[in-house]
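The lines below spell out each chain.
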Amino acid sequence: AKTAGKGQWQRFRPDLHVGMVERHELQAGLDNAISEEAFALRYQPIVEINGAAVTGFEALIRWPRRRGLVPPDQFISLAEETGHIMPLGAWVLERAASDVARWQREHPRTPPLCLNVNVSARQFIDPGFIEDVQRVVDTSGLASGSLVLEITESVLMRRDEQIRTAMRTLKRLGVSIAIDDFGTGFSSLSYLREFPIDVLKVDKSFIDDIVTDGQQVALVEGIVRIADILGLQVIAEGIENAGQRDLLGAMGCRFGQGYLFARPMTADEAQRLLSVTGDR
Ligand code: C2E
Ligand code: CA
Ligand code: CA
Ligand code: CA
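Residues numbered from 1 in each chain as written. Chains lettered and ligands numbered in written order. Predicted model: local features only at pLDDT ≥ 70, side-chain atom pairs only at ≥ 80, totals over all residues. Heavy atoms only, no water.

*Asks:* Can you tell me about the site of ligand 1, naming the residues and giving the values?
*Replies:* Residues in contact with ligand 1 amount to 21 residues; listed here are only the nearest, R62, N118, D180, E240 and Y259. Note that an oxygen atom of ligand 1 is positioned 2.8 Å from one of the side-chain N or O atoms of R62. Between ligand 1 and D181, the relevant distance is 3.2 Å, taken from an oxygen atom to a side-chain nitrogen or oxygen of the residue. Listed by contribution, the elements that provide at least two residues to the shell around ligand 1 are strand 2 (54–65) and strand 6 (176–182). (Near = heavy atom within 4 Å. Polar contact = N/O pair within 3.5 Å; in protein donor to acceptor, adjacent residues only side chain to side chain. Helix = DSSP H or I, 4+ residues; strand = E, 2+ residues; numbered from the N terminus.)

*Asks:* Can you explain the coordination of the calcium ion (ligand 3)? Please cite residues and give values.
*Replies:* For the calcium ion (ligand 3), every protein donor is listed as D180 (OD), D181 (OD), E237 (OE) and E237 (OE), and the spread of their distances is 2.0 to 2.6 Å. We note that the donor set of the calcium ion (ligand 3) lies within a single chain, spaced as D-D-x55-E. Separating the calcium ion (ligand 3) from the calcium ion (ligand 2) is a distance of 3.9 Å, and D180 supplies a donor atom to each of them. The class of D180 is buried, set by a relative accessible area of 8%. (Donors = N, O, S within 2.8 Å, 3.2 Å for Na, K, Ca; no water. Buried < 20%, exposed > 50% of the residue type's maximum accessible area, 1.4 Å probe, protein only.)

*Asks:* Describe the pattern of salt bridges, listing the residues and the values that go with them.
*Replies:* Inspection of every chain in the model, using the stated rule, returns 16 salt bridges. When the shortest N-O distance is used, the salt bridge between E150 and K201 registers 2.7 Å. Of the two residues, E150 is situated in strand 5 (residues 147–151) and K201 in strand 7 (residues 199–202); the sequence distance between them amounts to 51 residues. When its relative accessible area of 0% is taken as the criterion, K201 is described as buried. Here E161 makes a salt bridge to R168, at a shortest N to O gap of 3.4 Å. Counted as one network, the salt bridges with shared partners bring together E58, E150, K201 and E237. (Salt bridge = Lys/Arg side-chain N within 4 Å of Asp/Glu carboxyl O.)

*Asks:* Which residues make up the packing of aromatic side chains, and what values do they have?
*Replies:* For the structure shown, the criterion picks out eight aromatic pairs. Ring centres 5.0 Å apart and planes at 75° place the aromatic pair Y43 and W103 in the edge-to-face group. With Y43 in strand 1 (residues 40–48) and W103 in helix 5 (residues 85–106), the pair connects residues that are 60 residues apart, well separated along the chain. Across the pair, W103 and Y43 agree in class, each one buried. Ring centres 5.5 Å apart and planes at 75° place the aromatic pair W63 and F75 in the edge-to-face group. Within this pair, whereas W63 is found in strand 2, its partner F75 is found in the loop between strand 3 (68–70) and helix 4 (76–82), the two being separated by twelve residues in sequence. (Phe/Tyr/Trp six-rings, centres within 6.5 Å; stacked < 30°, edge-to-face > 60°.)

*Asks:* Account for the environment of R122, naming residues and giving values.
*Replies:* Looking at the element boundaries, R122 is found in helix 6 (residues 121–125). Not counting residues up to four positions away in its chain, the partners in contact with R122 are E80, E81, G83 and I85. One polar contact links the side chain of R122 to the main-chain carbonyl oxygen of E80, over a distance of 2.2 Å. (Contact = heavy atoms within 4.5 Å.)

*Asks:* Break down the state of the cysteines for me, citing the residues and quoting the values.
*Replies:* Enumeration according to the criterion identifies zero disulfides in this entry. Free of any disulfide, C114 has its nearest cysteine sulfur in C253, 14 Å distant. Under the relative-accessibility criterion, C253 is labelled buried at 2%. (Disulfide = S-S within 2.5 Å.)

*Asks:* Please give an account of unusual backbone geometry that cites residues and values.
*Replies:* Here T110 and P111 are connected by a cis peptide whose omega angle stands at -10°. A positive phi angle is found at E37, which is not glycine, with a value near 50°. Along the chain, E37 falls in the loop between helix 3 (20–36) and strand 1. Notably, D181 is not glycine yet its phi reads approximately 55°, a positive angle. A relative accessible area of 27% means that D181 is categorised as partly exposed.

*Asks:* Please give an account of the pairing of strand 1 that cites residues and values.
*Replies:* Within strand 1, nine of the nine residues are buried, which leaves the element mostly enclosed by the surrounding structure. Side chains A40, R42, Q44, I46 and E48 project from strand 1 onto one buried face, and the interleaved L41, Y43, P45 and V47 project onto a second face that is buried too. Here eight bridges tie strand 1 to strand 2, and the two strands are oriented antiparallel to one another. In the strand pairing of strand 2, Y43 is matched with A59. The antiparallel hairpin formed by strand 1 and strand 2 contains five residues in its connecting segment, where G51 sits at a positive phi of about 105°. For strand 1 and strand 9 (residues 255–256), the ladder comprises two bridges, and the chain directions are antiparallel. Considered in strand 9, the bridge of E48 is made with F255. (Pairing = 2+ DSSP bridges.)

Pasting the structure below:
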């Protein structure tokens with residue numbers, strides 16, 4: 001394991017990367033950070049693959065510490081274990097909604113800019129979660145129908161009544177549901193019909209080798225076709241080069257995200273981006 005670089009560990013087993021001491025430090029830090037609202041958000045543009053027009057933003061949490069920004073992979077799972085994820089998640093929702101509501105007012109367009117927010121499994125099944133969403137929908141000024149919650153397949157695998165009820169309530173609130181990291185979970189495709197899902201986010205691991213690997217092309221093409229048949233939107237994640245973009249565009253994948261278009265940016269930078277790209 002010594003030969004595995006730090007980055008690799010982090011990527012595949014974030015739980016292993018956080019040692020015991022650091023874990024205590026993180027937990028104490030989380031306690032303080034939550035009471036002081038010491039977190040920050042970055043926004044990564046979601047774009048139309050053909051033409052690169054910005055259609056919305058995904059909010060991504062950061063934890064500014066002495067040594068820089070701690071990425072979410074290093075504290076989200078801990079926050080889930082400790083229950084910190086609830087106040088943390090509510091803060092993300094509120095903060096992102098108020099930022100994007102402002103951008104929607106300054107840059108009105110049809111459909112309005114969307115806001116995608118990540119929701120962890122533990123957060124989604126908490127009875128208080130729907131109330132948090134309801135409050136944000138009621139008070140943030142966010143354009144109706146513009147909030148998208150990103151959940152992973154692990155939530156759907158539970159297949160219980162509580163999840164169904166939560167999803168129905170979200171639909172009633174005009175909130176859309178996206179499956180994040182689509183294709184990496186262990187669930188079956190039947191849930192795409194079973195649950196009211198609106199968007200599939202094709203995981204970066206499918207996109208990485210798409211230019212050189214014909215099998216990956218076939219898989220992504222298959223996902224795009226399934227989505228088409230079921231009336232779902234597709235967003236390709238982690239597009240880093242023009243070759244990937246052109247291939248995805250050619251196979252009818254309409255939306256994308258990735259460093260090729262833009263990295264996650266501060267709210268100020270996002271606002272500036274909207275000003276220079278103008279309104280449609
Ligand atoms: P995710 O939801 O799959 O988010 C995509 C991740 O890929 C982000 O990492 C983003 O910065 C990164 N990314 C985007 N485009 C590219 C690209 O072209 N190349 C590469 N190499 N990476 C790209 P980030 O911000 O570190 O977030 C990691 C994960 O942490 C997220 O994965 C999400 O699962 C979780 N997360 C982030 N914010 C929140 C949050 O507010 N709540 C919860 N529950 N989870 C969050
Ligand atoms: Ca996501
Ligand atoms: Ca993802
Ligand atoms: Ca991910």
